[in-house]
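Secondary and tertiary structure notes
This is what each chain is made of:
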Amino acid sequence: MSALSQRRLLLAGAAAWSISTLFSAMKPVLITRYGQELGTPAAWAALVAAVPFLGIAAASPLFGALRIRASVRTLGITVGGLLVLLELASAAVFDRVAPVIGLQALAGLCCGLLMGATSRVVAVSPDAETAFGIVDMVAVALMSAMIAGAGFAVQQGGLAGAYLFAAAVAAMLALLVAQYPETPVLRHHHDRSLPPLVIAPRAVVVVLMGVAFVSFSGLGFAFMFTLALGHGLGYDSAGRSIGLLLLLSASGCLAGGVACARFGPARPLALAFITCGAGWWIAIHAGSGAAFFAGLVPAIFALQFCFPVLIALAGQLDAHGRWAAIATPAITSGFAWAAILAGLVAGRWGVPALATACAGGMAACLAMLWYVAPRRRRSPPLQPA
């Protein structure tokens, strides 16, 4: 693979993954605005904001069962175009919650298909571990800008403006996905002659471990502002500090990819699981604003660090990148499960119980990691024919 082709692949992957961070950027804005503009109950508003991640999860079985063979460029044009239409339709019917939920679920499915297609190709490219780190780093860094853009769009045009903003961003990202032309050697990896994918227990556990990590490590995110306000910070100061932290944490994505390439996935993941659990325990039980951020920093960095490592680990399970295509949307859906689980835990036992739930989740992830005990990649990276 030439240097130019590799750069174009990284651009396509970052664009596809950035669609999922677009949904993340829209989530807090939509939850607040639906209540203000339409008086929508909080539970329904949260569902509207979280349902794209459920749609993303639905893309996983499609790559496993249907063996999608379309190229990245074809999916960028067709699925990306459909995504834009779905966001435009959401802007037109934003005041009817039920249709919007259906439209946003389909939008999430489109995102999952694009993420899976690009991850499948990245997984079989040279230096896949580092490449996944770069892709995730760009997507996370862009989220800060998209949060600001979504806030401005809502301020100017309400809920309709938010969905129009999403349509415009989705159009730009889909075009970036479609700019990537796969080489013949990479197109071979979704050729009709490939044998059926074997559903091995180790592969299933790797995916479940990724979903569990994102779900449990994200428990505290739903209550970050609640915790910050409890320490005397205002919305403005807390938002600036948390936004800056999220931007800086993008470097953790690249660090994770480099660590995976250097040491393999097992040791970096084990360290990050422990760091994440300890960080959230400190942040949630903090007695001051300084202690809160002292715990928040390692917790958030550990999440960003782990994500590309988990996808790279899945990519090592299959020589054709199919498990990476399955794992990427499945693991991304953990952001939805995190919001749902956080609400259940905090509603039943209070916000401090989130620390215990996160610690238990990290312990479960360590047990699954011990079970899969991955070895480093044996085969050399593929070279163009």
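All residue numbers refer to position in the chain's written sequence, counted from 1. Only residues with pLDDT of 70 or above have their local features reported here, since the model is predicted, and side-chain atom pairs are shown and tallied only from 80 upward, although totals for entire chains, interfaces and linings are computed over all residues. Processing note: side-chain calculations cover all non-hydrogen atoms of the structure and skip hydrogens and water entirely.

1. Describing helix H12 (residues 289-315)
To keep things clear, this is the line we draw: Numbering of helices and strands runs from the N terminus, with a helix taken as a DSSP run of H or I at least four residues long and a strand as a DSSP run of E at least two residues long. The span you would expect from a helix comes to 1.5 Å times its residue count less one. Using a 1.4 Å probe on the protein chains alone, a residue whose accessible area is under 20% of its type maximum counts as buried, one over 50% counts as exposed, and one in between counts as partly exposed.
Taking 1.5 Å as the rise per residue, H12 with 27 residues should run 39 Å; its terminal C-alpha atoms sit 40 Å apart, in good agreement. Burial of H12 is extensive: 21 of the 27 residues sit out of reach of the surface.

2. Observations concerning the nonpolar core
The cut-off we apply is this: Throughout this description, the term nonpolar core refers to a set of buried Ala, Val, Leu, Ile, Met, Phe, Trp, Tyr and Cys residues connected via side-chain atoms within 4.5 Å. Contacts are residue-level and defined by heavy atoms, with any inter-residue pair within 4.5 Å sufficient.
Tyr34 and Phe213 are the most contacted members of the largest nonpolar core, which has 132 residues in total. Ranked by residue count, the leading element in this core is helix H5 (residues 128-178), at 21 residues. Apart from residues no more than four positions distant in its own chain, tyrosine 34 is found in contact with Gly39, Thr40, Ala45, Val48, Phe94, Val97, Val100, Leu159 and Tyr163.

3. Comments concerning the pattern of salt bridges
Basically, it comes down to this: Think of a salt bridge as a Lys or Arg side-chain nitrogen and an Asp or Glu carboxyl oxygen that are within 4 Å of each other.
In the structure shown here, the tally under the stated rule is one salt bridge. As a salt-bridge pair, glutamate 37 and arginine 33 come within 2.8 Å of each other at their nearest N and O atoms. A residue pair is termed a helical-turn pair when its members lie 3 or 4 positions apart in one helix, as glutamate 37 and arginine 33 do in helix H1 (residues 3-38) at four residues. The class for glutamate 37 is partly exposed, based on a relative accessible area of 30%. Note on arginine 33: relative accessible area 24%, which makes it partly exposed.

4. Quick look at the environment of alanine 312
In this fold, alanine 312 is placed in helix H12. Judged by its relative accessible area of 4%, alanine 312 falls in the buried class. Once you skip the residues sitting within four places of it in the chain, alanine 312 turns out to touch Glu129, Phe132 and Cys260.

5. Observations concerning H5
Two residues of an α-helix separated by three or four positions point the same way, owing to the 3.6 residues in each turn. Quick note on the threshold: One fitted axis covers the seven residues ending at a residue, a second covers the seven starting there, and the bend at that residue is the angle between these axes.
Under the 1.5 Å per step criterion, the end-to-end length of H5 is only 20 Å for 51 residues, more than 12% shorter than the ideal 75 Å. Where H5 bends most, the angle comes to about 140 degrees, and this point is glycine 157.

6. Here we look at a nonpolar patch on the surface
We apply this condition: Like charges are joined within 9 Å and nonpolar side chains (Val, Leu, Ile, Met, Phe, Trp, Tyr) within 5 Å, but only among residues with over 30% relative accessible area and no salt bridge; these make up the patches. Methods summary: accessible areas were calculated by the Shrake-Rupley approach with a probe of 1.4 Å, and residue burial reflects only the protein chains presented.
On the surface, Leu82, Leu85, Leu88 and Leu164 cluster together into a nonpolar patch covering about 360 Å² of accessible area. Counting residues per element, the nonpolar patch draws most heavily on helix H3 (residues 72-92), at three residues. Mapped onto the fold, leucine 82 is located in helix H3.

7. A short note on the confidence of the model for the protein chain
Test applied: On a scale of 0 to 100, pLDDT captures the predictor's confidence in every residue.
Chain-level statistics for the protein chain give a pLDDT mean of 83 and a share of 88% at 70 or above. By mean pLDDT, the top-scoring element of the protein chain is helix H15 (residues 353-372) (94), and the lowest-scoring one is helix H6 (residues 184-187) (60).

8. Brief notes about the packing of H1 against H5
The angle between the axes and the distance between the axes are what describe a pair of packed helices. Heads up, the condition is: Fitted lines through C-alpha atoms give the axes, limited to the stretch in contact for helices. The angle between two N-to-C directions lies from 0 to 180 degrees. The crossing is said to be left-handed when, going from far helix to near helix, the turn is anticlockwise and less than a right angle, and right-handed when the turn is clockwise. Lys, Arg, Asp and Glu make up the charged group, whereas Ala, Val, Leu, Ile, Met, Phe, Trp, Tyr, Cys and Pro make up the nonpolar group; the residues left over, Gly among them, are polar.
It is the contact of H1 with H5, at a shortest axis distance of 4 Å, that shows an interaxial angle of 35 degrees. Handedness of the crossing formed by H1 with H5: right-handed. By residue class, the composition of the contact of H1 with H5 is 38 nonpolar, seven polar and three charged.

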